[in-house]
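# Examining the three-dimensional arrangement
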Amino acid sequence: MSVFTPLTRPELETFLAPYGLGRLRDFQGIAAGTENSNFFVSLEQGEFVLTLVERGPIQDLPFFIELLDVLHEADLPVPYALRTRDGVALRELAGKPALLQPRLPGKHIKVANNQHCVQVGELLGHLHTATQHKVLERKTDRGLDWMLATGAELMPRLNPTQQALLQGCLDEIVAHQGQIMALPRANLHADLFRDNALFEGTHLTGLIDFYNACSGPMLYDLAITLNDWCCDDAGQIDPPRARALLGAYAALRPFTAAEAHLWPVMLRVACVRFWLSRLIAAESFAGMDVLIHDPADFEVRLAARQQVDIALPFAL
Ligand SMILES: Nc1ncnc2c1ncn2[C@@H]1O[C@H](COP(=O)(O)OP(=O)(O)OP(=O)(O)O)[C@@H](O)[C@H]1O
Ligand SMILES: N[C@@H](CCO)C(=O)O
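Residues numbered from 1 in each chain as written. Chains lettered and ligands numbered in written order. Predicted model: local features only at pLDDT ≥ 70, side-chain atom pairs only at ≥ 80, totals over all residues. Heavy atoms only, no water.

In the annotation of an unreviewed UniProt entry, the protein is listed under the name Homoserine kinase and assigned to Pseudomonas putida. Its UniProt record gives the protein a comment under Pathway (unreviewed entry), which states: "Amino-acid biosynthesis; L-threonine biosynthesis; L-threonine from L-aspartate: step 4/5." (UniProt positions renumbered as here; feature names shortened; annotations may be inferred.)

Structure representation (structure tokens):
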């Protein structure tokens, strides 16, 4: 399981008291997740999730808190940092930055259908339209420069077929970097996979795990999302799900000509981002009791995205 920092009941009770949410009924570590320690916390006044931030850009936690406040105020189903009676959102527990958030209802789904994809497309459209006119700036630490540097570093450890596949996309990044950075921007979730969404039936009840959120090209967020939600077991894009997601999104924010042009490149860039981060995670967590996602999924998807037949719904 991925609870890196175990907690005792007394230290949790002391931590929770300033929120004024009643007595601690129960708590348990959450096995899912790979980056932080998360706990379901049951208090007299409701159900919550406590996150101890284990790694990553701790200095950017105020950004995440502010972004989630904006999205919560826009009525999106996101967690947000609860404040203590003294108004403090970001606190410390067991030596780690700690946040308490409401527990959102719903469950993760493994198999996405067209209806799920419509809901995801709409939510992503709302997330972007809620932030595009006043973008909260945060540069991702997994951006194009990171891909170029990390790709070059990992290259010698790959086999020749993998090297050719990766190098092809790194070359594309170099060739298109300027155009990509000039695309329309907003705040991005940047990790909208099935394990970061909650559903009740086909109703999307929660979008969680904003620790990769950043500012950047909206098309990149869409490519990340589509690569997970609209993909078959062979790594190919499933056309009906892709059309459902893209159509729902475009109804809220129509695509530009530049976005339509860069769409195939962006799908490949989004594959490389997760192929590389999974390769690094597989190395650094090898032999540990931590959930590791298979890097090969994104190698296969990148190979499948060399030909992209799903165009963006763009009216000339
Ligand atoms: N606000 C919430 N409401 C309900 N469930 C939540 C909430 N936050 C987290 N969870 C549950 O905890 C699990 C792990 O959370 P999360 O994905 O944020 O962890 P992480 O370690 O940052 O993971 P990741 O590997 O996706 O980066 C989720 O899959 C979900 O089941
Ligand atoms: N969603 C990521 C893990 C967390 O960033 C992946 O599947 O590789």
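Below, the discussion takes up the environment of Asp-232. Position of Asp-232 relative to the elements: it lies in the loop between helix H6 (218-229) and helix H7 (239-252). Judged by its relative accessible area of 30%, Asp-232 is partly exposed. Along the chain, Asp-232 and Arg-301 lie 69 residues apart, while their C-alpha atoms are 9.5 Å from each other. (Helix = DSSP H or I, 4+ residues; strand = E, 2+ residues; numbered from the N terminus. Buried < 20%, exposed > 50% of the residue type's maximum accessible area, 1.4 Å probe, protein only.)

What follows is about the pattern of salt bridges. One pass over the structure, following the stated rule, counts 12 salt bridges. Linking Arg-157 and Glu-283 is a salt bridge whose minimum nitrogen-to-oxygen distance equals 2.5 Å. Of this pair, Arg-157 sits in the loop between helix H4 (144-154) and helix H5 (160-181) while Glu-283 sits in helix H8 (residues 257-284), and the two are 126 residues apart along the sequence. For Glu-283, a relative accessible area of 48% translates into the label partly exposed. (Salt bridge = Lys/Arg side-chain N within 4 Å of Asp/Glu carboxyl O.)

Next up on the list: the domain arrangement of the protein. According to the domain assignment, the protein contains domain 1 (9-102) and domain 2 (114-304). One C-alpha centre belongs to domain 1, the other to domain 2; they are set 26 Å apart. Listed by partner, the interface residues are 24 residues for domain 1 and 24 residues for domain 2. Here domain 1 meets domain 2 over a buried area of about 1,800 Å², counting both sides, of which 74% is carbon and sulfur. (Domains from an automatic or database assignment. Contact = heavy atoms within 4.5 Å. Buried area = accessible area lost by both parts, 1.4 Å probe.)

The first and last C-alpha atoms of H6 sit 17 Å apart over 12 residues, in line with the 16 Å expected at 1.5 Å per residue. Extensive coverage of H6 is indicated by the burial of 12 of its 12 residues. Looking only at H6, the buried set comprises Met-218, Leu-219, Tyr-220, Asp-221, Leu-222, Ala-223, Ile-224, Thr-225, Leu-226, Asn-227, Asp-228 and Trp-229. (Expected span 1.5 Å × (residues − 1).)

Here the focus is the side chain of Asn-227. With respect to the helices, strands and loops of the structure, Asn-227 is situated in helix H6. Setting aside anything within four residues of it in sequence, one finds Asn-227 in contact with Leu-267, Ala-270, Cys-271, Phe-298, Arg-301 and Arg-305.

This part covers the site of ligand 1. Taken together, 19 residues lie near ligand 1, and Thr-34, Glu-35, Leu-104, His-108 and Asp-209 sit nearest. At 2.8 Å from a nitrogen atom of ligand 1 is found a main-chain nitrogen or oxygen belonging to Leu-104. Within the complex, 92% of the 620 Å² of free accessible area of ligand 1 lies under protein. Taken domain by domain, the makeup of the shell around ligand 1 includes at least three residues from each of domain 1 (9-102) and domain 2 (114-304). (Near = heavy atom within 4 Å. Polar contact = N/O pair within 3.5 Å; in protein donor to acceptor, adjacent residues only side chain to side chain. Areas by Shrake-Rupley, 256 points an atom, 1.4 Å probe, with all protein chains shown as cover.)

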